[in-house]
Amino acid sequence: MARKRLTQVFPFLLPLRKWQRKKFFYYKMRKDGCRYAKRIADRSLPYMVFETSIPMLNENSGFDMQYQKNKVHNLQLAARTLHRLIIGPDETFSFWQLVRWADREEKYKDGLNLVDGKIVASYGGGLCMLSDTLFWMFLHTPLTIMERHGHAVKSFPGTSEDIPCGTDATVGEGWLDLKVRNETANSFQIEVSFDDKHMHGRILADNVVGFEYSVFNPSVIYRKQGQTIYQIAPVWRRETDRSTGKQTETELYVNQCEIAYKLPDGIKIQEGHKLGKNEGL
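Residues numbered from 1 in each chain as written. Predicted model: local features only at pLDDT ≥ 70, side-chain atom pairs only at ≥ 80, totals over all residues. Heavy atoms only, no water.

A.B. asks: Is there a simple way to think about the overall build of the chain in this case?
C.D. replies: Scanning the chain for helices and strands turns up 5 helices and 16 strands. The buried share among the 281 residues of the chain stands at 43%. (Helix = DSSP H or I, 4+ residues; strand = E, 2+ residues; numbered from the N terminus. Buried < 20%, exposed > 50% of the residue type's maximum accessible area, 1.4 Å probe, protein only.)

A.B. asks: When you look at the state of the cysteines in this model, what are you seeing that I'm missing?
C.D. replies: Put plainly, a disulfide is one covalent bond tying together the sulfur atoms of two cysteines. Counted under the stated rule, the structure contains 0 disulfides. Here Cys 257 is not disulfide-linked; the sulfur of Cys 165 is the nearest cysteine sulfur, at 7.9 Å. (Disulfide = S-S within 2.5 Å.)

A.B. asks: Explain the nonpolar core to me, please; I cannot follow it from the model alone.
C.D. replies: Side chains that are nonpolar tend, in soluble globular proteins, to be buried together. Ranked by internal contacts, the top residues of the largest apolar core, which has 49 residues, are Phe 93, Leu 134, Phe 138 and Ile 190. When residues in this core are grouped by element, the largest group, 8 residues, is from helix 5 (residues 128-138). In terms of nonpolar packing, the next biggest core, distinct from the first, is built from 6 residues, Ile 229, Ile 259, Tyr 261 and Leu 263 among them. (Core = buried A, V, L, I, M, F, W, Y, C linked by side-chain atoms within 4.5 Å.)

A.B. asks: Help me out: how do you make sense of the side chain of Asn 217 in this one?
C.D. replies: Here Asn 217 is to be found in the loop between strand 12 (211-216) and strand 13 (221-225). A distance of 2.9 Å separates the side chain of Asn 217 from the backbone oxygen of Pro 234, its partner in a polar contact. Once residues lying within four places of it in the same chain are set aside, the contact partners of Asn 217 are Pro 164, Cys 165, Ala 233, Pro 234 and Val 235. (Polar contact = N/O pair within 3.5 Å; in protein donor to acceptor, adjacent residues only side chain to side chain. Contact = heavy atoms within 4.5 Å.)

A.B. asks: Explain the sheet that holds strand 4 (residues 91-94) here, please?
C.D. replies: Strands pair in a sheet through their backbones, by hydrogen bonds, and they do so in one of two ways: parallel or antiparallel. The strand order 1-4-9-7 describes an open sheet built from 4 strands, whose pairing is mixed. Looking along the sheet, the strands with just one partner apiece sit at the ends: strand 1 (35-36) and strand 7 (144-147). (Pairing = 2+ DSSP bridges.)

A.B. asks: What am I meant to see in helix 3 (residues 65-80) here?
C.D. replies: Side chains three or four residues apart in an α-helix point the same way, a direct result of the helix having 3.6 residues per turn. The terminal C-alpha atoms of helix 3 lie 24 Å apart, and with 16 residues this matches the ideal 22 Å at 1.5 Å per residue to within 8%. Buried residues along helix 3 sit against helix 4 (95-99), strand 5 (110-115), helix 5 and strand 10 (188-194). (Expected span 1.5 Å × (residues − 1).)

A.B. asks: What's the story with the pattern of salt bridges in this structure? I'm lost.
C.D. replies: When charged atoms on two side chains of opposite charge get close, those side chains can pair. Enumeration over the complete set of coordinates arrives at 10 salt bridges. Glu 191 serves as the salt-bridge partner of Arg 202, at 2.7 Å between the closest nitrogen and oxygen. Separated by 11 residues along the polypeptide, Arg 202 in strand 11 (residues 198-205) and Glu 191 in strand 10 bring together distant segments of the chain. Its relative accessible area of 6% is what places Glu 191 among the buried residues. (Salt bridge = Lys/Arg side-chain N within 4 Å of Asp/Glu carboxyl O.)

A.B. asks: Mind showing me how you'd approach the side chain of Glu 91 here?
C.D. replies: If you trace the backbone, Glu 91 turns up in strand 4. By relative accessible area, Glu 91 is classed as buried at 14%. Setting aside its immediate chain neighbours within four residues, Glu 91 contacts Arg 35, Ala 37, Ile 86, Val 180, Arg 181 and Asn 182.

A.B. asks: How do you make sense of unusual backbone geometry when you look at a structure like this?
C.D. replies: Excluding glycine, residues mostly have negative phi values, and the peptide bonds linking residues are mostly trans. Of note, Arg 84 is a non-glycine position whose phi angle comes to about 70°, a positive value. By the element assignment, Arg 84 lies in the loop between helix 3 and strand 3 (85-87). Among the residues examined, Arg 84 registers a relative accessible area of 26% and is labelled partly exposed.

A.B. asks: I tried to follow the packing of aromatic side chains on my own but got confused; where do I start?
C.D. replies: In this description, a pair of aromatic rings is defined by centroid distance and the angle of the planes. Applying the stated rule across the entire model yields 6 aromatic pairs. Of note, Arg 100 hangs over the ring of Tyr 26, and the distance from its end group to the ring centre comes to 3.6 Å. One Lys or Arg, Arg 104, reaches over the ring of Trp 101 and ends 4.3 Å from the middle of that ring. (Phe/Tyr/Trp six-rings, centres within 6.5 Å; stacked < 30°, edge-to-face > 60°. Lys NZ or Arg CZ within 6 Å of the ring centre and 35° of its normal.)

A.B. asks: Would you take a moment to explain the environment of Tyr 123 for this structure?
C.D. replies: Positionally, Tyr 123 belongs in strand 6 (residues 118-123). Once the C-alpha coordinates of Tyr 123 and Asp 110 are considered, the two residues, 13 residues apart in sequence, prove to be 4.3 Å apart. Apart from the residues lying within four places of it in its own chain, the contact partners of Tyr 123 are Asp 103, Lys 107, Tyr 108, Lys 109, Asp 110 and Asn 113. A polar side-chain atom of Tyr 123 sits 2.7 Å from a polar atom in the side chain of Asp 103. At 3.2 Å, the side chain of Tyr 123 and the backbone nitrogen of Tyr 108 are in polar contact.

A.B. asks: Help me out: how do you make sense of the sheet that holds strand 2 (residues 47-55) in this one?
C.D. replies: As summarised here, the arrangement of the 4 strands in space is 2-11-10-3, forming an open sheet in which the pairing is antiparallel. Edge positions in the sheet fall to strand 2 and strand 3, since each has one partner strand and no second. In this sheet, neighbouring strand axes are inclined to one another by 20° on average, regardless of whether the strands run parallel or antiparallel. For strand 2 and strand 11, the ladder comprises 8 bridges, and the chain directions are antiparallel. Pairing of Pro 55 across the sheet is with His 198, part of strand 11. (Axes fitted to C-alpha atoms, helices over the stretch in contact; angles between N-to-C directions.)

Set out below in structure tokens:
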């Protein structure tokens, strides 16, 4: 049985613990030697690198749809802080460096968050859809991933079947960030916009990028350990040289998460165990 954290035994200490973690979180970034991207441009850079559209409302969550509408409000507030952000050469993008004050003037609403393995309604819930989308876009660029954390539990099916498994990125202020570094000579730009049902993301550049990227799962397996089902998904990337057509494929990582919803009929589930830290498939 897992040992309880101090804040689970004494819940009144949680606000103090959050305050402490956030202070240390940002102090560490001030001292880490990175030059964080902060410049918002007035106009778009000229060259498209990648674009995507994500449905925002999930009809399969099993919760009141008002929480989904609240999520849209939260996403729009957070996206304002990074729309048209420039990530210049040798600069680092940090999700929280930009989003930390998104609710200073207009407050977030209660959305759905995963807390201690359970889906609950909480202030600012749903921001992971923005970090998921940003990470998915970053995977299609030459930017270097410095920090990414997958969701430990997948509580309900995703809203898009076109996106490979395991390409999500959860965030939690004071604990988990999403960071990428620009180690190229190009400048890159993030754009995020909305219509009634979709969030649209684009990555632009000031010069043509010499490679095209595609991300895929060569396989996805499900393993049952006790009563828990785990999804194990290798995430690979194919790089195509635009001038020669030469392709190279690289395994980026193996993503593993618990599946907390009923899988569709016909999906094969292996008996066994989840992957250890250094195991392959």
